[in-house]
Amino acid sequence: MAGVCLAGWWLYGNLVDNLTRTRIPTDFDFLTQPTGFAIPENFGFDPDLPIWRMVLIGVQNTFLAGLVGVLLASIVGLVVGIARLSSNWLVARLAQVFVEGFRNTPPLVVIVFFSFAVFSFGPLPVFPEALDLKLPGSDSNWLVLSKSRIGIPSLSAERHVGLFWIIVLCGVVAAAGVWTWRSRRHVRTGEPHHRVLWALGTLGLVVLVAFVSLGGPYAWSWPARSENGRRLISGFGTSAAYLSLTLALALYTASHIAEVVRASILAVPKGQSEAAGALALSPFQRYRHVILPQGLRIAVPPTINQYLNLVKNTSLGTVVGYADVTNLTRTSIGNANPAPQSIAVLMGVYLVFSLVISLLLNIYNRTVQLRER
Amino acid sequence: MTATVPPDPHASGDHPGPPPRPTAAAWARENLFNNRHNSVLTILLGAGLVVLVIYGARFLFVTGQWEPVRTNLTLLMMGTFPREEQWRIVVQVYLLCAAVGLLWGGLTAGSRDRARDAGVPFSRARLRDGVRRWWPVFVLLAVLLGMTRTWLPLAFVASALALGVVARRLMEALPEAGRRGAWFVAGVCALAGWQILSGTGGIAWWWGSALVAAAAVRLTRNVRTDARWQPAARLALVAGSVAVVWAIYAQLDFGGVGWDDWSGFQLNLVAAAASIVLAFPVGLLAAVGRRSQLPAVRWLSVGYIEVIRGVPLITLLFMGDLFLGFFLPTEDPLSKVTRAIAVMTLFTGAYLAEIVRGGLQAVPRGQVEAAQAIGLSAPRVLGMIVLPQALRAVIPALVGQFINLFKDSTLLSIIALTEILRIRESIHGQREFLIVGIAETLVFVAFAFWALAFTMSRESQRLERRLGVGER
């Protein structure tokens, strides 16, 4: 024990000695210095803003890639995992090829492939001559495709936005009320509840009425390029770097999640499925009401690990120039900011990410776990 | 003690023979068109698949520009390894093939003998099974050989494989007593290969002395000594062999190419292999430390494991690249490759610790209590009772970790080490390949990783089934 302490003290002493010798500051004052460089794809960022603001933007970008990646990976993973157990030989085999293909390829290679082979050197045109895909019978685009930037439609706020959302919130409350009413009625009279349809119908009706009566609080903003073709003036612009990173990580993680899903479904005793079949449940109902709820319980802990891996892997975006927190920190170290403290901040950011994700999902895990007496 | 027979995957087992093969039409009706739903799916996916296969085949055989890969094949595999020292790699591969052949033959012969003792029929693994299990590796070899311009590599690979097969046959033909010596020869072959490649400089003497010390201890095992003096005598033996080997190495000057000069795919393989081997003691220590009674040791282990597992490898690699040398007194004495491998070792150690912990938890308490009851000391309980059982259960997870590490070795390109992905990038800096074959080189790199990782993962699943992990 004493040896470990001594070794730690020795290492720390060496670090401080070396830092003072090379005149690298040993405090965290650099965080309030101006950043000194612009952030790609972030036109609102002023290089004079302090470094901690830069770190926040990096965190935001990491979060954006992680969130979309996790959602995509979950959906694809679930579908592929179920497909692997399909009774259709072709479906099962294709799913297996997908899983084994992505699982055994380095994610970095996949990211680089998307970024370079699909986008930068791919068949798409450069941005000033971007491919504008028109809506049929209209002059506006629904998609602007180019090597470096991709424009998709977005919603632009027009009028009464606040009021609209308040009404939507009321609609959600009403839908929840309808849900309980249908459930109670089902319990009381035994007639089919159809509570999902009822609740969604209520919500949809409220939103529709509010939207029409407020005269359209939101309008589509179709992606369009400026006169000289260099900027995207409307719609939502996303960079090729972001797309490559998110898609590649989503597919890579989906292959892992698919295996988790498959193993969890196989872990549900066969009798459960057969019993559901004996009750004349359709295959969909069998999955929805019998197999998936039980498999989920087994699947949650390993899936948490996969989500954590995905968020950590977003750091690979630095290779394709995505402005995530690792990439920005690296650039900032290149601008003569002290490396040890910068890396410490970076590690802190990732540790917080890991802790928050595992905390949230562990809480969720507790709600789905079997409650034993 | 009763002889235990490992389950033999090739024995026909007690299953009745397979049911008669259905006709193609019956099979398709059963598996592709068994209801309306599946028929629609089959037709849609089948059409998509046909289009995909046609495009893929066109890309592979017609439109693909493989010239960048073909021209730079040696660069991709070995990078900047000095060309006049290439014979070292050749010798190492021969020695490794011989070692693997001996090892494999020994395993086959061992299970053959056990099967004979137990009166169970034994059938050797057939070539067809080998091809079925290892086809990605063979395809990779075929691709590599197909791209070379001379016949020399073909002759080299063929002779190396032949050497392995001969070594295996030799080992199988040996009687049991002779096989024990052959195990040692296999170890010497593997080690000598490493030494010839990396030379005798640096800390290379460490490997040689470890082997000689192990051999010395084993050979003197039956020499009777007073029990009191035995530990001291052992220690003296080990220290003596280390000293002798060190002295010999200090006299030798064998040149060699250390890992600082390795690059290309070789660096990926070596970085992954070296890190997992070096990380093993680290992981073991951290796993045992996590179960320690002393709170300080426990918290230290937990802190190390959780911090490392919570951050991406790349941040640690940046740390290693930028200021790992700052933790040491002298002015940055470590090379870039050494620092990277040190960081990967630290990283893997934390994951191995968790894997080993899982194995430790799987050992029933009764085992420890029984060992204590017969009076074993705490280190012996750990070393003789707990760890052998725990490690047996975690072998598949270790292979999985190695695969991950192998894939993660591509991250070395980010800190400007010339591993295969970095070399691929530099190929497109050559004037004639600036925009030629971007996708092709990437597909080649991806396939090289895929072939090895896929084969390893399947072998580890096989091992898992054979070890019966999770069933006992």
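Everything numeric here is computed off the predicted structure, so don't read it as measured data. (Residues numbered from 1 in each chain as written. Chains lettered and ligands numbered in written order. Predicted model: local features only at pLDDT ≥ 70, side-chain atom pairs only at ≥ 80, totals over all residues. Heavy atoms only, no water.)

### Quick word on the overall build of chain A
Phase 1: Within chain A one finds 11 helices and 8 strands.
Phase 2: C-alpha atoms of chain A, sized along the principal axes, occupy 80 × 65 × 45 Å.
Phase 3: Scored against the burial criterion, the 373 residues of chain A give a buried share of 42%.
Phase 4: Restricting to contacts in chain A with at least 6 residues of sequence separation, those with at least 24 account for 67%.
Phase 5: When the accessible surface of chain A is split by element, carbon and sulfur atoms take 67% of a total near 20000 Å².
Phase 6: If the 28 positive side-chain charges of chain A are averaged to one point and the 17 negative ones to another, these points end up 13 Å apart. (Helix = DSSP H or I, 4+ residues; strand = E, 2+ residues; numbered from the N terminus. Buried < 20%, exposed > 50% of the residue type's maximum accessible area, 1.4 Å probe, protein only. Contact = heavy atoms within 4.5 Å. Areas by Shrake-Rupley, 256 points an atom, 1.4 Å probe, with all protein chains shown as cover. Lys, Arg positive; Asp, Glu negative; His and termini not counted. Charge placed at Lys NZ, Arg CZ, Asp CG, Glu CD.)

### A short note on the overall build of chain B
Phase 1: Each helix and strand counted, chain B has 18 helices and 0 strands in total.
Phase 2: Its C-alpha atoms put chain B at 80 × 65 × 50 Å along the principal axes.
Phase 3: Counting all 472 residues of chain B, 39% fall into the buried class.
Phase 4: Here the analysis covers contacts within chain B between residues at least 6 apart in sequence; of these, 78% occur between residues at least 24 apart.
Phase 5: Accessible surface computed for chain B: about 26400 Å², of which carbon and sulfur atoms make up 67%.
Phase 6: Put simply, chain B has 44 plus and 29 minus side-chain charges, and the middle of one group is 8 Å from the middle of the other.

### Brief notes about the packing of helix α2 (residues 51-83) of chain A against helix α7 (residues 240-267) of chain A
Residue and element names in this part refer to chain A.
Phase 1: At a closest axis distance of 6 Å, the pairing of α2 and α7 adopts a crossing angle of 40°. The orientation of α2 with respect to α7, classified from their angle, is oblique. The handedness of the crossing between α2 and α7 comes out as right-handed. (Axes fitted to C-alpha atoms, helices over the stretch in contact; angles between N-to-C directions. Parallel < 35°, antiparallel > 145°, perpendicular 65-115°, else oblique. Left-handed = near helix turned anticlockwise from the far one by under 90°.)

### A few points about the nonpolar core
Phase 1: In this structure, A:M54, B:L317, B:F323, B:L411, B:L412 and B:F444 are the most contacted members of the largest nonpolar core, which totals 115 residues.
Phase 2: Of all the elements, helix α18 (residues 438-467) of chain B adds the most residues to this core, at 11 residues.
Phase 3: The residues contacting B:F444, other than those within four sequence positions of it, are B:W66, B:V69, B:L73, B:L76, B:M77, B:V143 and B:L144.
Phase 4: Core analysis: the second largest hydrophobic core is formed by 13 residues, B:L360, B:V363, B:A371 and B:V386 among them. (Core = buried A, V, L, I, M, F, W, Y, C linked by side-chain atoms within 4.5 Å.)

### Section: the pattern of salt bridges
Residue and element names in this part refer to chain B.
Phase 1: All chains considered together, the criterion is met by 22 salt bridges over all chains.
Phase 2: For R168, the salt bridge is made with E172, and the minimal N-O distance between the two is 3.3 Å. One end of the pair, R168, and the other, E172, are both in helix α7 (residues 152-173), 4 residues apart, so they sit about a helical turn from each other. Here R168 and E172 have matching classes, each one buried. (Salt bridge = Lys/Arg side-chain N within 4 Å of Asp/Glu carboxyl O.)

### Some thoughts on the side chain of A:S183
All names here are of chain A.
Phase 1: Mapped onto the elements of the fold, S183 is located in helix α5 (residues 161-189).
Phase 2: Residue classification places S183 among the buried residues on the basis of a relative accessible area of 15%.
Phase 3: Within the structure, the side chain of S183 is placed 2.8 Å from the backbone oxygen of W179, a separation counted as a polar contact. (Polar contact = N/O pair within 3.5 Å; in protein donor to acceptor, adjacent residues only side chain to side chain.)

### Observations concerning empty space enclosed by the protein
Residues and elements named next belong to chain A.
Phase 1: Tallying each qualifying case throughout the model produces 1 cavity of 30 Å³ or more.
Phase 2: Taken as a whole, the largest cavity encloses approximately 50 Å³ of empty space.
Phase 3: Every residue along the wall of the largest cavity is listed here: F30, L31, I51, M54, V55, T329, S332, S342 and V345.
Phase 4: Elements supplying a minimum of two residues to the lining of the largest cavity: α2, α10 (325-334) and α11 (339-368).
Phase 5: Of the residues that constitute the lining of the largest cavity, the class distribution is 6 nonpolar, 3 polar and no charged. (1 Å grid on protein atoms, 1.4 Å probe; cavity = no way out; pocket = protein on both sides within 12 Å on 5 of 7 lines; lining within 4 Å. Points joined across faces, edges and corners; volume = space filled by probe spheres on them. Nonpolar A, V, L, I, M, F, W, Y, C, P; charged D, E, K, R; others polar.)

### Side note on the interface of chain B and chain A
Phase 1: At the interface, 55 residues of chain B touch 48 residues of chain A.
Phase 2: Interface area, chain B with chain A, both sides summed: about 4300 Å², of which 74% is carbon and sulfur.
Phase 3: In terms of surface lost to chain A, no three residues of chain B exceed B:F326, B:F327 and B:K407, which account for 15% of the buried area on that side.
Phase 4: Taken together, chain B and chain A are joined by 0 salt bridges.
Phase 5: For the pair chain B and chain A, the number of links is 10 residue pairs in polar contact (both at pLDDT 80 or more).
Phase 6: Taken together, the elements giving at least two residues each to the side of chain B that touches chain A come down to α1 (24-31), α2 (36-63), α12 (295-310), α13 (313-323), α16 (378-408), α17 (420-427) and α18 of chain B. (Buried area = accessible area lost by both parts, 1.4 Å probe.)

### Things to note about the pairing of strand β2 (residues 141-145) of chain A
Residues and elements named next belong to chain A.
Phase 1: In this sheet, β2 lies alongside strand β1 (residues 131-134) in antiparallel orientation, the contact comprising 4 bridges. The residue bridging L133 from the neighbouring strand is L143, located in β2.
Phase 2: In this structure, the hairpin formed by β1 and β2 is closed by a connection of 6 residues, where G137 is found at a positive phi of approximately 70°. (Pairing = 2+ DSSP bridges.)

### Some thoughts on the domain arrangement of chain A
Phase 1: Along its sequence, chain A is carved into domain 1 (25-123 + 240-368) and domain 2 (161-213).
Phase 2: When each unit is reduced to the centre of its C-alpha atoms, the spacing between domain 1 of chain A and domain 2 of chain A is 33 Å. (Domains from an automatic or database assignment.)

### Overview of a nonpolar patch on the surface
Residues and elements named next belong to chain B.
Phase 1: Taken together, the side chains of L127, V131, W134, W135, F138, V139 and L161 define a hydrophobic patch exposed on the protein surface, amounting to about 660 Å² of accessible area.
Phase 2: For the nonpolar patch, the leading source of residues is helix α6 (residues 127-147), giving 6 residues.
Phase 3: With respect to the element layout, V131 can be found in helix α6. (Patch = residues over 30% accessible without salt bridge, like charges linked within 9 Å, V, L, I, M, F, W, Y side chains within 5 Å.)

### Examining the packing of aromatic side chains
Phase 1: The final tally for this structure, using the stated rule, is 20 aromatic pairs over all chains.
Phase 2: The interplanar angle of 50° and the centroid separation of 6.0 Å between the aromatic rings of B:W135 and B:W450 together place this pair among those described as tilted. Linking B:W135 in helix α6 with B:W450 in helix α18, this pair joins segments that are 315 residues apart in sequence.
Phase 3: Under the relative-accessibility criterion, B:W135 is labelled partly exposed at 36%.
Phase 4: Members of the aromatic cluster, connected to one another through ring pairs, are A:F164, A:W165, A:F211 and A:Y218.
Phase 5: Its end group placed over the ring of B:Y351, B:R309 keeps NZ or CZ at 5.4 Å from the ring centre. (Phe/Tyr/Trp six-rings, centres within 6.5 Å; stacked < 30°, edge-to-face > 60°. Lys NZ or Arg CZ within 6 Å of the ring centre and 35° of its normal.)

### Quick word on the state of the cysteines
Residues and elements named next belong to chain B.
Phase 1: One pass over the structure, following the stated rule, counts 0 disulfides over all chains.
Phase 2: Its sulfur unpaired, C189 is 11 Å from the next cysteine sulfur, which belongs to C97.
Phase 3: Taking the relative accessible area as the measure of exposure, C189 reaches 14% and is therefore buried. (Disulfide = S-S within 2.5 Å.)

### Remarks on the packing of helix α11 (residues 265-290) of chain B against α16(B)
Residue and element names in this part refer to chain B.
Phase 1: Taken N-terminus to C-terminus, the directions of α11 and α16 make an angle of 145°; their axes are 11 Å apart at the nearest point. Like other packed secondary-structure pairs, α11 and α16 cross with a definite hand, here right-handed. Every residue of α16 that contacts α11 at F265, N268, L269, A272, A273, S275, I276, F280, L284 and V288 is listed here: L382, L387, L391, L398, Q401, F402, L405 and F406.
Phase 2: Residues of the contact of α11 with α16, tallied by class, amount to 15 nonpolar, 3 polar and no charged.

### A look at unusual backbone geometry
Residues and elements named next belong to chain A.
Phase 1: Located in the positive-phi region is H160, a residue other than glycine, with phi close to 55°.
Phase 2: H160 gets classed as partly exposed once you look at its relative accessible area, which sits at 45%.
Phase 3: Although it is not a glycine, A280 sits at a positive phi angle of roughly 65°.
Phase 4: Structurally, the position occupied by A280 is in the loop between α8 (270-278) and α9 (283-313).
Phase 5: In this structure A280 comes out as exposed when scored by relative accessible area, which is 64%.

### Concerning the environment of B:A296
Phase 1: With respect to the element layout, B:A296 can be found in helix α12.
Phase 2: Sequence spacing of B:A296 and B:L76 is 220 residues, and the spatial spacing of their C-alpha atoms is 47 Å.

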